[in-house]
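# A structural walkthrough
The residues making up each chain are set out below.
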Amino acid sequence: MIISHKYKFIFIKTVKTAGTSIEVYLSQFCDEQDVLTPIYPAVAPHKAQHYKGYWNPIPEMTKASPRESMTVLGHWLKRKKFRNHASAVNVKHRIPKHIWNSYFKFCVERNPWDKTLSHYHMVRKRQNSNMTLEQYFKQGKLCFNYPKYCDEKGNVLVDRVVSYEALNSQLAEVFNELSIPFDGSLGVRAKGNYRDDHRPYQNVYTAEQRRFVAQAFSREIDMHRYVF
């Protein structure tokens, strides 16, 4: 996650959408006052800064569920003001209102069938296991992104949701609006080496698995009109 006071934007990092590559690219143009959350493992030239600190957690806690309230309190106790995959809701509560209202806010979203397969390979590689796709589904830890850029009522909180499928062209539009230099490529592909099977996702899923993803990600599919 990045808050750039220099270019007046807030980048909300979603899961399996080239978020780390975007952070690394944007970090080159950030200055000493900007907020950059840590990347694990670190990727040069990105350098985390200004992500720790205290804030008033009460407004955020009063609008959250009991479980989420305890999470917010835990963040406050550990001075985790901003986190790598912080949601737009979290960020909105933790910065001055005039900054939230005046800065350009954006994130990236991805076709859920493609995103799910990418997430499966990442989890499988990190666990160093031979976990099957069915076993991954049974774990129930799917990569939902809409809570990162929507509020509890489903309202989109960011100004633009960039399509992963048209990443470079749409980032070019965003960066042009923000006056950030961009030659059409991020120039880095961080955390993109998990997947060994590069078949199109349409050739991987069974009919039942396809329906499972469609049902699980129905909100994102309806919101962005994704198709298999």
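In short, a report on the structure. (Residues numbered from 1 in each chain as written. Predicted model: local features only at pLDDT ≥ 70, side-chain atom pairs only at ≥ 80, totals over all residues. Heavy atoms only, no water.)

## Side note on the packing of aromatic side chains
This is how the line gets drawn: Classification of ring pairs uses Phe, Tyr and Trp, with its six-membered ring standing for Trp, and accepts pairs whose centres are within 6.5 Å; under 30 degrees between planes counts as stacked, over 60 as edge-to-face, and the remaining range as tilted. Helix numbers and strand numbers start at the N terminus; a helix is a DSSP run of H or I with at least 4 residues, a strand a run of E with at least 2. When accessible area is computed with a 1.4 Å probe and restricted to protein chains, residues below 20% of their type maximum are described as buried, those above 50% as exposed, and intermediate ones as partly exposed.
Counted by the stated rule, this structure contains 16 aromatic pairs. When the ring of Tyr25 is compared with that of Phe175, the centres are 5.8 Å apart and the planes differ by 15°; the resulting orientation is stacked. Of the two residues, Tyr25 is situated in helix α1 (residues 19-27) and Phe175 in helix α9 (residues 167-178); the sequence distance between them amounts to 150 residues. Residue Tyr25 shares its accessibility class with Phe175, and that shared class is buried. Relative to Phe182, the ring of Phe175 has its centre 5.1 Å away and its plane inclined at 85°; by these criteria the two rings are edge-to-face. We classify Phe175 as buried; its relative accessible area is 0%.

## A look at the sheet that holds strand β3 (residues 35-36)
Rules: Here the rule is simple: two strands pair whenever DSSP picks up at least two bridges between them. Contacts: residue pairs with any heavy atoms within 4.5 Å of one another. To get an axis, a line is fitted to the C-alpha atoms, and for a helix only the part in contact is used. The angle between two axes follows their N-to-C directions and goes from 0 to 180 degrees.
Spatially, the 5 strands line up as an open sheet ordered β3-β1-β2-β4-β5, and their pairing is mixed. Only two strands of the sheet have a single neighbouring strand rather than two, namely β3 and β5 (160-163). Here strand β1 (residues 2-4) pairs with β3 via 2 bridges, running antiparallel. What sits directly across from Ile2, in β3, is Leu36. Packing against the sheet, α9 makes contact with β2 (9-11), β4 (104-109) and β5, and its axis sits at approximately 145° to β5.

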